[in-house]
Amino acid sequence: MVCKRCESKECIKNGKVRCLQRYLCKNCNYNFVKGDRRTTAGIQAKKACCVMLYSIGKISVNMIAKLFDMYRSLVYKWLNEAAVNFGEYEIRDDIEAIEFDEMWHFIGKKANKLWIIKAVDRSKHKTIAWVTGNRDTKTFRKLYKKLKHLKKCKFYTDDWEVFSKVLTKDRHVIGKEHTVTIEQDNSDTRHHLSRFTRKTKVVSKSENMVNTSLKLWQFLTENTTFKKFQSVFLSIF
Ligand SMILES: [Zn+2]
């Protein structure tokens, strides 16, 4: 038997209610009845709400856990599950202009900075890829690897020297005036995900969660993938 509240398997029988076997979770002390109100559709709807509230509703995991009376670990589990289920993001091969930029974030404590280097498709104003790590050449190379096959594309950056080290001259355009789209995109990211607001108390616990958040946001702000998500979501009600 799996606990409805925290998904722990440490559950024992605890008497009967309305002729149904009741269980007690030894992990979180929650009493529940098998099958009762816990329909698949209900759980699916709850999952969809969690993902939406978190990804584009700017609601923290803490708040969501409180709202649905769930363990935070279960909210995290659902968010990660959703991100994995979306699969790989498809990068169109006819993109002509990509802007690169870096933004920072904290992991665990304020002294521990994590850099996010993003690539934005200028014509669509859309984050198509990113990497997380240190603010160095090695990290940026990982991002470039995901995009260098785009033959028609030029890359626009500010004058951070790492960009010139990795990008070839004929495809690289440098200048603050060329990275307006991505600056806007960074501020969108901070606006939509409570995790990325500039508030000093918002600190991520793991790099994995930063990537999960960015991925959910990427897919749920894309029309086609949002429609897919919505059709699954609406079929529940
Ligand atoms: Zn429990």
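Our structure's up above, just so we're on the same page.
None of the values given here were measured: they were computed from a predicted structure. (Residues numbered from 1 in each chain as written. Predicted model: local features only at pLDDT ≥ 70, side-chain atom pairs only at ≥ 80, totals over all residues.)

**Q** Can you lay out the environment of Glu 7 for me, pointing to particular residues and giving the numbers?
**A** Following the sequence through the fold, Glu 7 ends up in the segment before β1 (11–17). With near-sequence residues (within four places) excluded, Glu 7 lies in contact with Val 2 and Leu 74. (Helix = DSSP H or I, 4+ residues; strand = E, 2+ residues; numbered from the N terminus. Contact = placed C-beta atoms within 7 Å.)

**Q** Please set out the sheet that holds strand β3 (residues 31–33) residue by residue, giving values where relevant.
**A** Read from one edge to the other, the open sheet built from 3 strands follows the order β1-β2-β3, with strand pairing classed as antiparallel. In the strand order of this sheet, the two ends are held by β1 and β3, each with one partner. For this sheet the average axis-to-axis angle between neighbouring strands, irrespective of direction, equals 35°. By the bridge criterion, 5 bridges tie β1 to strand β2 (residues 20–25) in an arrangement that is antiparallel. (Pairing = 2+ DSSP bridges. Axes fitted to C-alpha atoms, helices over the stretch in contact; angles between N-to-C directions.)

**Q** For unusual backbone geometry, give the residues involved together with the corresponding values.
**A** Positioned with a positive phi, Glu 7 is a non-glycine residue whose angle comes to about 60°. Residues other than glycine seldom take positive phi values, yet Asn 29 does so here, at roughly 65°. Here Asn 29 shows up in the loop between β2 and β3. According to the C-beta neighbour criterion, Asn 29 is exposed, with 10 such atoms within 10 Å. (Buried ≥ 20, exposed ≤ 12 C-beta atoms within 10 Å, placed from the backbone.)

**Q** If you had to explain the nonpolar core to someone new, which residues and values would you point to?
**A** Across soluble globular proteins, nonpolar side chains show a tendency to be buried alongside one another. Counting 33 residues, the largest nonpolar core has Val 75, Leu 79, Ala 119 and Trp 130 as the members making the most contacts within it. If sequence neighbours within four positions are ignored, Ala 119 has contacts with Ile 98, Phe 100, Ile 128, Ala 129, Trp 130, Leu 143 and Leu 147. With 5 residues, the next largest nonpolar core counts Cys 3, Tyr 23, Cys 25 and Phe 32 among its residues. (Core = buried A, V, L, I, M, F, W, Y, C linked by C-beta atoms within 7 Å.)

**Q** Now, about helix α7 (residues 207–220): what can you tell me, with residues and values included?
**A** Taking 1.5 Å as the rise per residue, α7 with 14 residues should run 20 Å; its terminal C-alpha atoms sit 20 Å apart, in good agreement. Three or more residues of α7 are buried, namely Val 210, Thr 212, Ser 213, Leu 214, Lys 215, Leu 216, Trp 217, Gln 218 and Phe 219. (Expected span 1.5 Å × (residues − 1).)

**Q** Residues and numbers for the packing of helix α3 (residues 72–85) against α7, please.
**A** At a closest axis distance of 9 Å, the pairing of α3 and α7 adopts a crossing angle of 55°. The orientation of α3 relative to α7 falls into the category oblique. For the crossing formed where α3 meets α7, the hand is left-handed. Residue-level contacts link Tyr 76, Leu 79, Asn 80, Ala 82 and Ala 83 of α3 to Met 209, Thr 212, Lys 215 and Leu 216 of α7. Taken together, the residues that form the contact of α3 with α7 break down as 6 nonpolar, 2 polar and 1 charged. (Parallel < 35°, antiparallel > 145°, perpendicular 65-115°, else oblique. Left-handed = near helix turned anticlockwise from the far one by under 90°. Nonpolar A, V, L, I, M, F, W, Y, C, P; charged D, E, K, R; others polar.)

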